[in-house]
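Examining the three-dimensional arrangement
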Amino acid sequence: HRAAVARNRRTDHGQVAHSSEASAPDQDARTLAATVLARVTEDGAYASRALDAELQRAGLAPRDAALSTEIVYGSLRVLPALDRIIAERLTRADARMDGLVRATLRAATYQLWHLSRLPTHAIVDESVRGVRNKRGPKLAGFVNAVLRKLAAARPAQPAPPRALVLPEWTAHTLERALGPERLARFLDQHADAPALCLRAEGERDRLLAQLRAAVPQASSGETALSPLGIWLRRAGSPRGLPGYADGAFSVQEEGAQLLGLALGARPRERIADVCAGHGGKTTLIARAVGPQGQLFALDKDERKLKQIPRELQRIGLGAVPLELHAVDLSVGTGGLQGGLDRVLVDAPCTGLGTVQRRPELLLRLRPEDPARMAALQRAILRNAATLVRPGGVLAYAVCSPTREEGQDVADAFSAEHPTYRVLHESLCPSLPSPDAGGVLHLGPWLLPQGASSAPDAYQLVVWRRED
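Read on for an overview of the structure. (Residues numbered from 1 in each chain as written. Predicted model: local features only at pLDDT ≥ 70, side-chain atom pairs only at ≥ 80, totals over all residues. Heavy atoms only, no water.)

1. Structural notes on the overall build of the chain
The secondary structure content of the chain amounts to 18 helices and 14 strands. Computed over the C-alpha atoms, the radius of gyration of the chain is 24 Å, within 12% of the 23 Å expected from 2.2 N^0.38 for a compact globule of 467 residues. With respect to the three principal axes, the spread of C-alpha positions in the chain is 85 × 45 × 40 Å. Within the chain, contacts between residues at least 6 apart in sequence are counted, and of these 74% link residues at least 24 apart. As presented, the chain carries roughly 20,100 Å² of accessible surface, and 50% of it is formed by carbon and sulfur atoms. Each charge class in the chain was averaged separately, 60 positive and 51 negative side chains, and the resulting centres sit 5 Å apart. (Helix = DSSP H or I, 4+ residues; strand = E, 2+ residues; numbered from the N terminus. Rg over C-alpha atoms; globule rule 2.2 N^0.38 Å. Contact = heavy atoms within 4.5 Å. Areas by Shrake-Rupley, 256 points an atom, 1.4 Å probe, with all protein chains shown as cover. Lys, Arg positive; Asp, Glu negative; His and termini not counted. Charge placed at Lys NZ, Arg CZ, Asp CG, Glu CD.)

2. Details of the pairing of strand β7 (residues 270–273)
Inspection of the sheet shows β7 paired to strand β8 (residues 294–299) by 4 bridges, in the parallel sense. Note that in β8 the partner of R270 across the bridge is Q294. In this fold, the crossover linking β7 to β8 by way of helix α13 (residues 280–289) has right-handed handedness. In terms of strand pairing, β7 meets strand β10 (residues 340–346) through 3 bridges, oriented parallel. Across the sheet, A272 pairs through a bridge with V343, a residue of β10. (Pairing = 2+ DSSP bridges. Right-handed = clockwise from strand over helix to strand, strands pointing away.)

3. A closer look at the nonpolar core
If you look at the biggest cluster of nonpolar residues, it comprises 66 residues, and the most contacted ones within it are V274, V343, V345, L394 and W463. Those residues in contact with L394, other than ones at most four positions away along the chain, are V343, V345, L381, A384, A385, V388, F413, Y420, V461, V462 and W463. (Core = buried A, V, L, I, M, F, W, Y, C linked by side-chain atoms within 4.5 Å. Buried < 20%, exposed > 50% of the residue type's maximum accessible area, 1.4 Å probe, protein only.)

4. A look at the pattern of salt bridges
Under the criterion given, the structure shown has 25 salt bridges. Two residues, E126 and R30, come together in a salt bridge whose shortest N-O distance is 2.9 Å. With E126 in helix α7 (residues 120–135) and R30 in helix α2 (residues 29–43), this pair connects stretches of sequence that are 96 residues apart. Side by side, E126 and R30 carry an identical accessibility label, which is buried. (Salt bridge = Lys/Arg side-chain N within 4 Å of Asp/Glu carboxyl O.)

5. Points about the environment of S250
Residue position: S250 is located in strand β6 (residues 249–251). In the structure, S250 is positioned 104 residues away from T354 in sequence and 19 Å away in space, judged by C-alpha atoms. Here S250 is in contact with C197, L198, R199, E201, E311, R314 and I315, once residues within four sequence places are set aside. Among the polar contacts made by the side chain of S250, one reaches the side chain of E201 at a distance of 2.6 Å. (Polar contact = N/O pair within 3.5 Å; in protein donor to acceptor, adjacent residues only side chain to side chain.)

Here you go:
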């Protein structure tokens with residue numbers, strides 16, 4: 001960013017002036033990050049989608065794109081702490097602080113407190129310039145004054161966040177679910193930016209070697225729990241990596257990989273993924289059942305379902321028979337007949353186990369949400385059970401560690417469906433058996449000490465129908 005900063009000159013009063021304002025880019029890395037933060041915190045946008053859209057539009061160099069990504073996700077992970085730091089430097093609640101200004105201050109504070117490699121003058125100058133370009137000189141002056149106070153208080157040795165910072169009710173909810181020690185570990189593991197996780201569609205060792213040769217600046221390794229997974233950091237867009245066009249890998253989080261494996265799918269089976277989304281687990285199951293099997297992908301969002309056939313073609317599994325059904329499983333099965341060998345329900349949930357990758361969820365969730373989602377989960381599970389043949393398998397999963405969405409939902413289902421027996425043995429050799437309550441906990445319960453990547457916190461329960 002030195003070239004951009006060199007265009008600026010400082011006045012005697014510390015304000016930032018611009019010798020060639022017209023030539024300044026509309027979106028530098030910091031301005032882009034603040035724009036995305038504003039969309040997420042003010043408009044409810046999803047961070048990944050908003051960031052991807054802005055990066056595609058701006059066409060930043062890879063290094064600047066990486067900085068924008070780090071600022072966005074880092075700021076969201078410690079947002080309550082950033083707001084406290086900023087509030088201490090404000091003399092009064094200022095009506096001029098609109099969404100973009102607030103986001104700019106948050107992004108700059110994150111850089112000042114946590115990114116030691118970035119010079120103070122670059123953080124302040126480019127942040128003020130971004131507000132000047134988008135909101136004019138008056139608000140730029142306000143931002144400049146606040147950032148001077150923040151810069152004066154910058155830690156002598158800025159360091160990355162040591163842990164994810166949670167709203168108070170969320171911390172209490174997760175502590176009840178995980179216990180104090182496991183929660184501390186969960187937060188520590190999720191303080192860093194999430195790794196990109198890939199699922200090898202062929203030999204994992206060979207793919208990892210190719211990736212390391214192509215992107216030597218990236219850190220990488222095998223995932224700790226999934227035998228198919230590879231994690232990468234600072235590798236850029238997965239679409240630009242070697243092997244993507246050839247179908248050598250899929251982009252899939254490690255915990256989601258484990259769910260697909262835990263279903264125990266076999267060749268020639270007929271299997272439904274009833275909350276399929278974009279089909280990550282559907283495509284994993286497709287490789288297991290092969291062209292002699294049959295898949296059924298169900299979801300409320302027809303747009304997501306339509307992406308699945310293209311993805312199967314990309315990874316060389318286009319010959320696997322697939323039916324798409326746009327249906328709300330909380331209401332019914334949309335006429336789909338039963339008799340299936342296995343049914344996977346990765347149900348909608350609070351997503352508290354995914355806050356590493358989706359920290360913006362912490363802005364939206366409310367204390368009543370686990371119980372509210374549990375009612376929806378019970379309805380979906382009840383309808384999905386009608387699709388399973390006698391002797392077949394039903395699997396229920398949520399990417400949340402709360403008891404309300406895990407053990408309580410499973411117990412209620414078992415009480416209502418006595419012909420379904422909870423399996424206390426794992427159907428996947430790489431996974432341990434469930435606990436005494438029949439729940440297999442993934443993520444912070446299983447992660448080996450010192451692992452370089454952390455899967456999301458999932459809960460999984462598997463039944464066999466025995467009538």
